[in-house]
Amino acid sequence: MSELPRPVVSSEEVFSQLSKENVIAVVESREEKLSLLRSLIGQSVVARKSERANGTQSHRFVLFVVDDNFSIDEYTTELENEDFTVGAYTVALHSSNVNEWPSVVYNDIVVVAANMLLDSLIDGNVKLSQAHMIVISDAQRVMPMQIPHPIMRMMTDFYAKILQPPRVLATVTSAPDRWASLDLTPLEISFRARSFFMATKAADAWFGPLELVLEYDPYRPASPGDMISTKLREADPEGLLVRSRDIRRGRRVWNQLGPFANNLFWRAVLTEVTVSTTTTTVTNPKLLASQSAVRQKLVQLRDTLPEEALDVTQSSSICNVTPKLAKLIETLSTYDGHGTGFRAIVVVKDRTVARALVQLLQIAQAKLPFIRAAEVRHGAMSDPDYQKELHRSFDEGQFNLFVLTKPAQDLELPPASTIISFDIFEDQLSYTYFHTHSKGRHSHLLHLVERGNNEQRRILAHVETVGADLRGWIAGFVKGDSHALQPASMYTGLDPCLSDSDDDDDGDTDGDTYKEFILDATTSARLYKSDAEASIHRFVTSFQQQTPWAQESATVSLERRTEGGPQEGYWCTVVLPGSTGVPDVVGPYCMTKAQARREAFYRACQECVRRGLMDYRHFPQSKWRARESTSMADEGEVPKEIQTANTSTATHGYPRKSPEFWANSPNYSTATLYPTVIVPDALAGQPHAPVVLLTRAPMPLIPDFLVFFSGARATVHCYKGAPFAVNSAQLQALRGYTTRAVRSLVNKPFDASSDSLLCFFAPLSATWKALPGTQGMQWSQLPVAEHIPWDAVQLAADYFAVPLYSDLASLDDNARDAVVQDRNVEFTMRHFLVKVRHDLTPLSKVEDSPREAEYPNFLEYCKARRKDFPGLEDEKQPMVEVTAVPGVVNNLHPMSTPPTPPAKAPLKYLIPELTYKFTIPASTFRTLWLLPSIMTRIDSYLLVKELDAKLFHLSIHEQQLLIALSTRAAWTESNYERLEFLGESPPDAFLELQTTTRLTSASDTIVGDAFLKVIASNYLYVTMPTAGEGALHHERQSIIGNKTLHECAMRVGVCPYVQHKRFVAKLWQPPTAQPPSAVGVDEDAEMADAERDAGKGPGGQKRSKKQRQLDSQNTLWMGDKVVADVVEAILAAAFLSGGHEVALQAARRLQIPLPNIAQWTDFARMGAQQPPASVPAPNVAVLPAYTLEAVQAVVGSTFSKPELLAQALTHGSAFGSAELASYERLEFIGDAILDFLVARHIFERHPHLSPGGLTLLKGAMVSNRALAAVCVHLDLHRHLNAASEQLAGTIRRYVEQLGELRAREYDAAARENRLPGQYWLEMPMEPPKCLSDVVESVIGALYVCDGFFEVGVGRFFDAVFKPFMDAHVRLQTLSANPKVTLLELLQAEGCQRHTVVKKPHERQNVPIEMEVRVHDQVIAAATDSSAAIATRKVSLAALDALANDPELLARICDCGPGDGKRPVPKPEQIARDVEEEEAAEVEEAMEAMLNEAEAE
């Protein structure tokens, strides 16, 4: 214990220390943790009760914070004691409509989940000051970089603001053998605590293998890459003999093993290709000749491959292996003297690499004569005889080293003395199997890690972080106890067991082992048997997280039997939580335990998928394949499938992505259908009946969303239903109903067979009800089949309409909830029946129906207008009043309006005898009328789920990701502009308010996402320690510039997922299976290229207008700037979903160039590894003690590195031009973090403000003038270290004048009973730039001191900076003239039709009335005797209206959305126009006064 980084103490010492400061206690097991907590909490409660008895303190409780809702009851039971009372703030209390905290705070201890505590703190229902101690039970799950984790938000947003905060006791559970490597510094900074290790004895009897990390150097080959692959592409450019999969495999062998192995690989491949193709039968002479020519080239290339010897010496100039392989060979050579007892297992990710590795280890030059290696086949699990042979050969020493890949990791093999993880697996299930193959403490587990590779370091640290519950499960599993399923704390990544080599569809698999899989329709992911156990673990874990009240677990039981022979066999049973509704799953009879376990888990997956319970979130996801080219700019061309606009090379056309869900649906039978019940709220006060969407494949959960029509809105709810089987008659009825609904919506012919339809629509009867609490629940599948009115379905399938009138007695019943039409044809106008008018007959004359105005009554109108009118059987029948059914429209935007009505007079009354009733009821048809928009929104969510799972591994909230992918051109409720703003620096024109009405730029700011700006600044600061501010700015632009972001999006393949097309309702059709084309793919592409310009389709026929419209919908034409903005918005969505760490991982997956940054702590680690910048001793500033104390008092935090504060306060003039000694580098990083904090604050403070308003506010808060005012307000200028007397004099004059302006503004605000404004805008002189610089540099110094976390900076921002800005900067105070601000805001929003006008009056000498009009609608008005004052009042009123009503502009402004950002306002021109208008108003007023005087 003497080598531990923190002291080892007893529980008594911890309690003593807890009375002085916050404490983090590291314990080795859950039992030790509970014992410690009972002791410390008990002592604290007793001491507290003693103080209360003496009357010195009021009642305060211990706040016991657990990580999840599931743990509340568990810890409540564990803590119960007769000496103190324990209360639980449960989910039920939290869900109540009233504050339930008073019912639990009387207890000595209150147990609460972190997320519910944060909600309660935000709502003000409880305060941290009510507690005398806060206990954080599982601090190892709280990582500071995962902001906003609830506990971290609690510490930064609430705990940091308490003057006398309660003590914090946090516990970290970790195995003792990992204590030496624990990095507790981030937790210590966040909790303001000291850490201690608890002196306890080992509680776990299992000791795994001794784990060691073996570092190897990065592979930097002399040649640029796999030259053989390049030559192969030249020899066979068409891929006639050498497939792309072979090229990919060769590249993996090159990267993992080196040139020698690559030569062996290609020699074998080329031999096989040239031999096997000679026996093929090709009838096409041209193709045969081409193959023959390619074969000759390949034979020549094979013969030229060098016959070199293996050289593993890294220092040798002819070394032909990678450092990784050399390290493996070096490690294995150390076991040469171990004799016959040596056994080793090497685990490799890629199957091709594994095969090549076995071959290399047998070569004599490897100098491993004692190694007898063999590859373990993938199909070993399904071949009992092969397994027995493996077991025998390994046990007897025929082979002493096995190389296996992840699909074979669960094989039953004799234990090995050494397990070598050749690759790093981000999966604790694999880590468990490493243990099962070892001999416990008498063996080694070796991890090969590339030196300096932070990504591998992050993965290994994640995998090796094993809590007590997981450690206990691993111990039991290794010993043979496999009854319990893995604990929820186990991490199983989404990487599949099969490697990329296995994913290549070449049929090269072991038998039929990997031909059987489960397909996920949403993402096209495949779940093989080797993936089943991890998928069931993810499934059960997500179930337990969403249903914590159930408290159900899953179990696995293994039964051993003998069936009529000497061989024994096994059955495995998987028991899932009962609330899932899945019965016990029994696997088939198998010869081995491992196979029985795998088969049972696979059957459980099949059952869960069949029931629609397991979805894309539980499936493994293959590695996202990005483009191989690193830069489009270098190549000077774009991929073939991407078009370039003729008018601009900065605009490209991308193929529009369709959801894979519909493409995969034909793989599912129509015998079972999966229902999703669609329930819109009443839109415009009209009832909407539920409609069920029936899909062939299980549709994932669809969240609620909004639809709009004529200013009204409604929420659409989607409920999952239980799947059910349909017979052929029901299927045909559903087909008929669906086609009837579609034909009525588009009012055109449409037909499709039941096999080609990928979904069906059906009504639900009034007996169906949504159960409370089931919405959004994967597990709550409501019964649907028994609520489908099959008679109504069949009626609509057979007939489009039936007579409305049979007799007078039934008319009212027939008219209820009816849609009617005035003729017996299918494609015609339809009308909602409003009511039966018993006060009218066909002989009546009405004035409110213009259609019949020229006729004496309705009957005469029919006689005149209907050909061969036969008359009526009943001329006294009542009339029916109707209103037209509008055509389908885009209901996804708040400005959704009905189509332009026809010019002729509308129909209002119908004669029942001449009227036909549509066979679909009105309430159901209203929902069907919304279906085109609803299905479009569902498609958007399917694409988002697909992208989130494949690229981002479910790390981004899908609603946020959908907004990030939606551009303004998509014309939906929300688009990326607010997300993109989250940190977007304003254009230069907005940064500096130079005069009362004029805006100019202050510095070279970078437009882009602020979070991206932060991570780029962090990266450059730590990797370029000797670079000055100018060089840092230049390099940052190369990372966050639009060109780079566009290339990243192109390379990754995000562009086809962008929602950039406005939904055109009249082009909508339901998803159908596309029939196979008779034209080949290549031929079809060539024909399309040749005929595109001619407007012709295949065959030379001219395409119809509708076909051209449909074709245009399949191409997304976007400017490169739009694509870059989408990337920035995705990062903002990731940050809002999971904080800094999730956003950083999203940036890495988008391939933003941040080499070797794998997690947030890498910034501090890389900074510490860089050599310090050499600054001459005379140029190092000395920080006076009083300055350190004064600045720390201002910022409210301690600088752990005072030398950084000294640098932050040092102006460049202090040491001549010594750039590294001045504050410029710290200003660079401080500018980025302040920019981000301000943007996040404005984003959260104004949740509905438009992007234009957000940009204006942000520009005002980060301007040089505002920051200079902050500097003077905080007296930071007094500590500035500068050697220029001229600068000092300028600062003194500025401070004096600013003080006068501040006093004047505060006096005026007090007199006028208002908040003060931006008094610094009235300053006639420019502020010295060093004043704003020093604010940013001090922030940067504090940020770097805290390891690039926002702990101290966030505290300073919340306590000092934010209150100052909120008190002075508002929309109304952005300029001395509110009209300037108003016009800037409207122009920033892209609105072109707006004006501030004086309302004309005929009378003179009346108060002047000013109006603000947007699209001819008045949004504000004000009156005053002075035109200037009236203009000021009306402008302020309009700003208030725009700020308080987020949809005001969206409702009235229909200026067309552009392809990119709207034009940047020109403030100088706006200011000049305002000045000219005001001057004209003054002249007009003076002229009126002169005229009035002359008249008198």
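Residues numbered from 1 in each chain as written. Predicted model: local features only at pLDDT ≥ 70, side-chain atom pairs only at ≥ 80, totals over all residues. Heavy atoms only, no water.

K.L.:
Help me out: how do you make sense of the overall build of the protein chain in this one?
P.N.:
What the protein chain contains, in helices and strands, is 49 helices and 39 strands. Sorting the 1496 residues of the protein chain into buried and exposed places 55% on the buried side. Considering only contacts in the protein chain between residues 6 or more positions apart, those separated by 24 or more positions represent 75%. Of the roughly 64,000 Å² of accessible surface on the protein chain, a fraction of 51% belongs to carbon and sulfur atoms. (Helix = DSSP H or I, 4+ residues; strand = E, 2+ residues; numbered from the N terminus. Buried < 20%, exposed > 50% of the residue type's maximum accessible area, 1.4 Å probe, protein only. Contact = heavy atoms within 4.5 Å. Areas by Shrake-Rupley, 256 points an atom, 1.4 Å probe, with all protein chains shown as cover.)

K.L.:
Looking at this structure, how should I read the nonpolar core?
P.N.:
Across soluble globular proteins, nonpolar side chains have a tendency to be buried as a group. Grouped together as the largest cluster of nonpolar side chains are 228 residues, with contacts concentrated most on Ile1130, Ile1152 and Trp1160. Beyond its immediate chain neighbours, meaning those up to four positions away, isoleucine 1152 contacts Leu1012, Ile1039, Leu1045, Cys1048, Val1127, Leu1131 and Ala1147. Formed by 65 residues, the second largest nonpolar core is a distinct cluster that contains Val9, Leu18, Met133 and Phe196. (Core = buried A, V, L, I, M, F, W, Y, C linked by side-chain atoms within 4.5 Å.)

K.L.:
Would you mind going over the environment of phenylalanine 832 with me for this structure?
P.N.:
Counting through the fold element by element, phenylalanine 832 comes out in strand S30 (residues 831-837). Sequence separation between phenylalanine 832 and glutamine 821 is 11 residues; the distance between their C-alpha atoms is 8.9 Å. Among residues more than four places away in sequence, those in contact with phenylalanine 832 are Ala818, Val819, Glu881, Val882, Thr883, Ala884, Val885, Pro886, Ala922, Phe925 and Arg926.

K.L.:
Looking at this structure, how should I read the sheet that holds strand S37 (residues 1394-1398)?
P.N.:
Neighbouring strands of a sheet are bound in pairs by backbone hydrogen bonds; such pairs are parallel or else antiparallel. Pairing is antiparallel in the open sheet, where three strands are placed in the order S37-S38-S39. Each end of this open sheet is capped by a strand with a single partner; those strands are S37 and strand S39 (1417-1424). The mean angle between the axes of side-by-side strands here comes to 15°, regardless of whether they run parallel or antiparallel. Here S37 runs beside strand S38 (residues 1408-1414); their pairing, made up of five bridges, is antiparallel. Bridging from a neighbouring strand, lysine 1398 pairs with methionine 1410 of S38. (Pairing = 2+ DSSP bridges. Axes fitted to C-alpha atoms, helices over the stretch in contact; angles between N-to-C directions.)

K.L.:
How should I be thinking about the pattern of salt bridges in this particular structure?
P.N.:
Oppositely charged side chains are able to pair whenever their charged atoms sit close together. Per the counting criterion, the structure on display carries 60 salt bridges. With a closest N to O distance of 2.3 Å, aspartate 1162 and arginine 1165 form a salt bridge. Taken together, the residues span about one helical turn, with aspartate 1162 and arginine 1165 both in helix H37 (residues 1161-1169) at a distance of three residues. Taken as a pair, aspartate 1162 and arginine 1165 share a single burial class, namely buried. (Salt bridge = Lys/Arg side-chain N within 4 Å of Asp/Glu carboxyl O.)

K.L.:
Sorry, what's going on with the pairing of S30 here?
P.N.:
The buried fraction of S30 is high, at five of seven residues. Bridging between strand S29 (residues 819-821) and S30 involves two bridges; their strand directions are antiparallel. Within S30, the position partnered with valine 819 by the bridge is phenylalanine 832. Here S30 runs beside strand S31 (residues 879-884); their pairing, made up of six bridges, is antiparallel. When the sheet's bridge partners are listed, lysine 835 is paired in S31 with glutamate 881.

K.L.:
When you look at the environment of proline 749 in this model, what are you seeing that I'm missing?
P.N.:
Examined against the element boundaries, proline 749 turns out to sit in the loop between helix H23 (728-746) and strand S27 (759-763). The exposed category is assigned to proline 749, whose relative accessible area is 64%. It is 9.0 Å that separates the C-alpha atoms of proline 749 and threonine 739, two residues lying 10 residues apart in sequence. Here proline 749 is in contact with Arg743 and Phe827, once residues within four sequence places are set aside.

K.L.:
Mind showing me how you'd approach the pairing of strand S2 (residues 22-27) here?
P.N.:
Sheet faces and side chains relate simply in a regular strand, where the side chains alternate between the two faces. The element S2 is largely enclosed, with a buried count of six among its six residues. Of the two faces of S2, the one lined by Asn22, Ile24 and Val26 and the one lined by Val23, Ala25 and Val27 are each fully buried. Bridge count for S2 against strand S7 (residues 167-173) is five bridges, and the pairing is parallel. Paired with valine 27 across the two strands is threonine 173, which belongs to S7.

K.L.:
What should I look at first to understand the sheet that holds strand S20 (residues 643-644) in this one?
P.N.:
Read across the sheet, three strands follow the order S20-S21-S36 without closing on themselves; strand pairing throughout is antiparallel. This sheet does not close on itself; its edge strands, each paired only once, are S20 and strand S36 (1115-1119). Sheet topology places strand S21 (residues 651-655) next to S36; five bridges connect them, and they run antiparallel. For threonine 651, the partnering residue across the bridge sits in S36 and is glycine 1119. Against the sheet, helix H36 (residues 1120-1149) engages S21 and S36, with an angle of about 90° to S36.

K.L.:
Which parts of the structure should I look at to understand the packing of aromatic side chains?
P.N.:
By convention here, two paired aromatic rings are described through the distance between centres and the angle between planes. Inspection of the entire model under this criterion finds 33 aromatic pairs. Relative to phenylalanine 434, the ring of phenylalanine 425 has its centre 6.1 Å away and its plane inclined at 75°; by these criteria the two rings are edge-to-face. For the pair phenylalanine 425 and phenylalanine 434, a shared accessibility class is recorded, and that class is buried. Seen from their ring centres, tryptophan 1320 and phenylalanine 1364 are 5.8 Å apart, and the 20° between their planes marks the pair as stacked. Of this pair, tryptophan 1320 sits in the loop between helix H43 (1285-1312) and helix H44 (1329-1345) while phenylalanine 1364 sits in helix H45 (residues 1351-1368), and the two are 44 residues apart along the sequence. You'll find tryptophan 1320 and phenylalanine 1364 in the same group, each marked buried. An aromatic cluster of three or more residues is present, and its members are Phe1011, Tyr1021, Phe1135, Trp1160, Phe1163, Phe1236, Tyr1343 and Phe1348. For lysine 529, the ring lying beneath its charged end belongs to tyrosine 602, and the centroid distance is 5.7 Å. A cation over an aromatic ring shows up here: arginine 830 above the ring of phenylalanine 918, its NZ or CZ 4.4 Å from the ring centre. (Phe/Tyr/Trp six-rings, centres within 6.5 Å; stacked < 30°, edge-to-face > 60°. Lys NZ or Arg CZ within 6 Å of the ring centre and 35° of its normal.)

K.L.:
What am I meant to see in the packing of helix H19 (residues 532-546) against helix H20 (residues 593-610) here?
P.N.:
If you want to describe how two helices pack, look at the angle between their axes and the distance between the axes. In contact at an axis separation of 8 Å, H19 and H20 are set at 50° when each is read in the N-to-C sense. Taken together, the axes of H19 and H20 are oblique relative to one another. Classified by chirality, the crossing of H20 by H19 is left-handed. On the side of H19, the interface is formed by Ala532, Glu533, Ser535, Ile536 and Phe539, while H20 contributes Arg597, Arg598, Phe601, Tyr602, Ala604, Cys605 and Cys608. (Parallel < 35°, antiparallel > 145°, perpendicular 65-115°, else oblique. Left-handed = near helix turned anticlockwise from the far one by under 90°.)

K.L.:
Explanation requested: the side chain of serine 443 in the structure shown.
P.N.:
Its location among the elements puts serine 443 in the loop between helix H15 (428-436) and strand S14 (444-450). Relative accessible area serves as the criterion here: at 2%, serine 443 is assigned to the buried category. In terms of polar contacts, serine 443 uses its side chain to reach the backbone carbonyl oxygen of glycine 440, at 2.8 Å. What serine 443 contacts, discounting residues up to four positions off in sequence, is Pro209, Leu210, Ala416, Ser417 and Ser438. (Polar contact = N/O pair within 3.5 Å; in protein donor to acceptor, adjacent residues only side chain to side chain.)

K.L.:
Sorry if this is basic, but what is going on with the state of the cysteines here?
P.N.:
By definition, a disulfide links two cysteine residues through a covalent bond between their sulfur atoms. A full pass over the atoms with the stated rule returns zero disulfides. Cysteine cysteine 590 shares no disulfide, and the gap to the nearest cysteine sulfur, in cysteine 572, comes to 8.9 Å. (Disulfide = S-S within 2.5 Å.)

K.L.:
I would appreciate a short explanation of the packing of helix H32 (residues 1029-1040) against helix H33 (residues 1042-1052) in the present structure.
P.N.:
For the pair H32 and H33, the least separation of the axes is 5 Å and the interaxial angle reads 30°. Across from Ser1038, Ile1039 and Ile1040 in H32, the residues of H33 making contact are Asn1042, Thr1044 and Leu1045. Residues belonging to the contact of H32 with H33 are distributed by class as follows: three nonpolar, three polar and no charged. (Nonpolar A, V, L, I, M, F, W, Y, C, P; charged D, E, K, R; others polar.)

K.L.:
So what exactly am I meant to see when it comes to the confidence of the model for the protein chain here?
P.N.:
It should be kept in mind that the predicted coordinates are not to be read in detail where pLDDT is low. Scored by pLDDT, the protein chain has a mean of 83; 85% of the residues are at 70 or more. Confidence over residues 629-636 falls short of pLDDT 50; this stretch has 13 contacts with residues more than four positions distant or in other chains. (pLDDT = per-residue confidence, 0-100.)

K.L.:
Explain unusual backbone geometry to me, please; I cannot follow it from the model alone.
P.N.:
Across the chain, the bulk of peptide bonds are trans and the bulk of non-glycine residues have phi less than zero. A positive phi is found at lysine 367, a non-glycine position, where the angle reads about 55°. Since its relative accessible area comes to 67%, lysine 367 is described here as exposed. In this structure, asparagine 747 takes a positive phi of about 55° despite not being glycine. By the secondary structure assignment, asparagine 747 is in the loop between H23 and S27. A residue is classified by how much of its surface remains accessible, and asparagine 747, at 32% relative accessible area, is partly exposed.

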